[in-house]
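Architecture and fold: a report
The chain contents come next:
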Amino acid sequence: MIAPLRFHWRLIQGGDVTGKITRDRVASEAALPEIAAQTAFCREAEQLGIDSVLVDIGVGKPDPIVLAMVLATATDRLKFMVAHRPGLMSPTLFVQQVNTFSTLASGRITLNFVAGHSPAEQLYYGDNLPHDERYERMREYLTICRRLWSGETIVDFAGRHYRIEAGRGRTPFVAPDRQAPEVYLGGGSGSAREVASELADCWLRFGDTVENIARESAPVLVNGSEVGLRIACVTRPTRCEAVRVARALLESREIHRRRESEAAFVKGSDSESVRHVYELGESEWLGGCIWAGAVRALGATSIALVGTPGDVANEILKFRQVGISQFILHGWPKWEEMRIFCREVLPLLKSSH
Amino acid sequence: MTSFSDDLVDGPTASRADPRKPLRFHWSLSQAGNPFRRATQTEQTSGIPAFQAQLELCRFADEYRIDSVLMAIGFARPDPIVLSAALGRKTQRVKFMVACRPGLISPTSFVQQINTLSLLLEGRVHVNLVGEHTPRELRYYGDWLPREGRCSRLDEFLTVCRAFWAEEGGEVNFSGTYFHIEGGRLNTPFSIGGRHGPEIYLGGNSEQSAALAIRHADCLWRFAEPPGRLAPAIAPVVRSGTEVGLLVSLIGRSTRDEAVLAARDLVERLGDSAHDAQLNFERHTDAAAFRSTFALARSCDTGWATSNLWIGAVPFLGAPAIALVGAADEIADTLLEYKAIGVTQFLFTGWPDDKEMTFFGEKIAPLVRERERIEAHA
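Residues numbered from 1 in each chain as written. Chains lettered and ligands numbered in written order. Predicted model: local features only at pLDDT ≥ 70, side-chain atom pairs only at ≥ 80, totals over all residues.

**Remarks on the interface of chain A and chain B**
Facing 43 residues of chain A, the contacting portion of chain B comprises 44 residues. When contributions to the side of chain A that touches chain B are tallied by element, the ones reaching two or more residues are helix 2 (64-72), helix 3 (91-104), helix 4 (119-124) and strand 6 (163-167) of chain A. In terms of residue count, the dominant contributor to the side of chain A that touches chain B is helix 3 of chain A (8 residues). Residue composition of the side of chain A that touches chain B, by class: 24 nonpolar, 14 polar and 5 charged. (Contact = placed C-beta atoms within 7 Å. Helix = DSSP H or I, 4+ residues; strand = E, 2+ residues; numbered from the N terminus. Nonpolar A, V, L, I, M, F, W, Y, C, P; charged D, E, K, R; others polar.)

**Observations concerning helix 7 (residues 227-240) of chain B**
Residue and element names in this part refer to chain B. With 14 residues, helix 7 should reach 20 Å at 1.5 Å per residue; the first-to-last C-alpha distance of 19 Å fits that figure. Residue I234 marks the point of greatest curvature in helix 7, where the axis turns by about 50 degrees; the proline P236 follows within four residues. Where helix 7 is concerned, the buried positions are I234, V237 and S240. In this structure, the buried residues of helix 7 make contact with helix 6 (207-216), strand 8 (219-223) and strand 9 (243-253). Positive backbone phi, approximately 95 degrees, marks G241, located one or two places after helix 7. (Expected span 1.5 Å × (residues − 1). Bend = angle between axes of the 7 residues up to and from the residue. Buried ≥ 20, exposed ≤ 12 C-beta atoms within 10 Å, placed from the backbone.)

**Things to note about the packing of helix 2 of chain A against helix 3 (residues 107-120) of chain B**
The angle between the axes and the distance between the axes are what describe a pair of packed helices. Helix 3 of chain B packs onto helix 2 of chain A with a crossing angle of 30 degrees between their chain directions and a minimal axis gap of 8 Å. One finds that helix 2 of chain A runs roughly parallel with respect to helix 3 of chain B. On helix 3 of chain B, the residues that touch V66, L67 and V70 of chain A of helix 2 of chain A are Q113, T116, L117 and L120 of chain B. Partitioned by chemical class, the residues of the contact of helix 2 of chain A with helix 3 of chain B number 5 nonpolar, 2 polar and no charged. (Axes fitted to C-alpha atoms, helices over the stretch in contact; angles between N-to-C directions. Parallel < 35°, antiparallel > 145°, perpendicular 65-115°, else oblique.)

**Details of the environment of D132 of chain A**
All names here are of chain A. In this fold, D132 is placed in helix 5 (residues 131-149). For D132, a count of 13 C-beta atoms within 10 Å translates into the label partly exposed. Between the C-alpha atoms of D132 and G190, which are 58 residues apart in sequence, the distance is 9.5 Å.

**Topic: unusual backbone geometry**
The peptide bond linking W332 of chain A to P333 of chain A adopts the cis configuration, its omega dihedral lying at -10 degrees. Structurally, the position occupied by P333 of chain A is in the loop between strand 12 (324-331) and helix 13 (336-351). Unlike most non-glycine residues, A166 of chain A shows phi in positive territory, near 55 degrees. Inspection of the secondary structure puts A166 of chain A in strand 6. You will see that E122 of chain B, though not glycine, has its phi angle at about 50 degrees, which is positive. Within the element layout of this structure, E122 of chain B appears in the loop between helix 3 and strand 4 (125-129). Taking the number of C-beta atoms within 10 Å as the measure of exposure, E122 of chain B has 14 and is therefore partly exposed.

**Here we look at the packing of helix 5 of chain A against helix 6 (residues 190-199) of chain A**
Residues and elements named next belong to chain A. Two elements in contact, helix 5 and helix 6, have axes whose closest approach is 10 Å; the angle formed by their N-to-C orientations is 10 degrees. On the basis of their axis angle, the class for helix 5 and helix 6 is roughly parallel. On helix 6, the residues that touch D132, Y135, M138, R139, L142, T143 and R146 of helix 5 are S191, A192, V195 and L199. In the contact of helix 5 with helix 6, the residues fall into 6 nonpolar, 2 polar and 3 charged.

**Some words on the confidence of the model for chain B**
Residues and elements named next belong to chain B. Confidence in the prediction of chain B, expressed as mean pLDDT, is 87, and 83% of residues score 70 or more. The low-confidence segment residues 1-16, where pLDDT is below 50, has 27 contacts with residues more than four positions distant or belonging to other chains. This model gives residues 35-43 a pLDDT under 50, and the stretch forms 18 contacts once residues within four places in sequence are excluded. (pLDDT = per-residue confidence, 0-100.)

Dropping the structure here:
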């Protein structure tokens, strides 16, 4: 049985409301919370029927769990998909932070585990593990978290990266319908897929051709985990207009710098999917209305569904046929596109169920 | 790593103790809503925050100009950073003194969490570093370092954090035994146009704690002792320019007799189960601060270390229950007596907190301020 479709949206960052494209990949405005705008965005997302907002992690961003806690106090139903890089704190402490959040916001927290995509950035945090070992550490970390959430009162664990004796916490995970937060795990490599199949509720990946996505998702789906796509969309009344809006992104005065900054980032990244998507960026279209035209300037998350509401809905249904059940979206303009998508595309998907 | 004693004059320069500066008062928040704090085994306490009761105490603190509330850390409590984010958005003035155990998180991640919290709370964040605790509990978190190692790790942790908070900014590079940071930077600052980093508090009665505080902290927390005993112990810290603060409970009433009755009543109400909880804690702690206060309590038959400093509840409620007991003017006098030997800050606990904070805010604090004004003009 295929899980019902669910839609999430990436939280707007500081500086996003102005809609300008910044010259650097790590824009300094994004590091400053813009709490009034972000709160208004979350309230609207909640009304539009968005399931959760993704709160990113990175050296250029505020800490996601602290920011999400504040946004949660100003919303009622919206969930917060908090990104987390395991390895930078004790798993017991992390569970304590997540559980504390849950008690203060009726369990409205889900987790997006990512292994980190830049060895240089990991070193800012004092982490020097290579790519595959980061996944091995993530496996141990997530195993400990899962056991702490499973209701075991005392957790003993001895692995290569963690040794816990009688691990416990007094603050439980509190939610109306769950004993543990929903766990998403992002990453395109074989290691990421394996850990996701084993320990996550949903494997998250970047956009790609439908065929590639179908092939790579199959083993994860067989194991019973869901698969979600992190992808953008540009929906307009005509296909022509949508394509014009998408291509206009590349006419920004800063775009040349962004291309340089993105190329440098990809060169320094040890993420397989970041490099793979950069390769895809050689073609403008990946079939149907899947657009890869901005990948080499704006990164892997900029693969976008570009077209009319009908085009975008059809493409989503094609993904659905190969087993994709969740979408983490963003678009341009960052706020307006959420409105357009929810008002124009969501009804088409509901009627085709 | 240089030895601590070489660095006696190397404290942060922003925090020189100044007798003309008014005393600063903080309050312990974590057990608000639980009238029997510490009287039960931690195994039995609930880790679900009593949010409304805590929010109410924070609002009292806003009203009575308490500088900050201490957000303690431990397996039996909610996480202090996340809880501060929720409480902070519903208060205006009070700051949040967030406790941290350095072995459990990357210093860079910690700074990123603290800076985010501070930006969201208009800079209303201090940090309180905890180096000493029960090794058994640290292993719940995967931390196996013995006590000696924990001290030098705390030193490294604070060195890295302070580099991220330094006014001059720039890349952070550090290579030590416990942390190796390369090219570190964070785009999220502690504040925009205000302080570059939080005030750093550090607790402990040991000489190592004092040396670490001199090196890294704005203020050293110690448990209260009679002023005569305390003065020589804190003299090197005071001389270095790092402030000294006292952790102490308050039992203030309209008259001394009433206060003494309230103190005795407290012990009677809490009884033997509290005593067992404390023995259990004492057995498993390696913190010098706790052990020395327990020893002081056992050496003193009458329960009174001075005419106002009562240690009768320590065997039942632990070291934080060493209390200033008396009428408002007596307690105000005692606070100023501590100020005269160099103590500049106090972290109070009350039984219960809301009533005690009201008494402090309405009766004791005005007397302290009045006497400080008189002294400033003398």
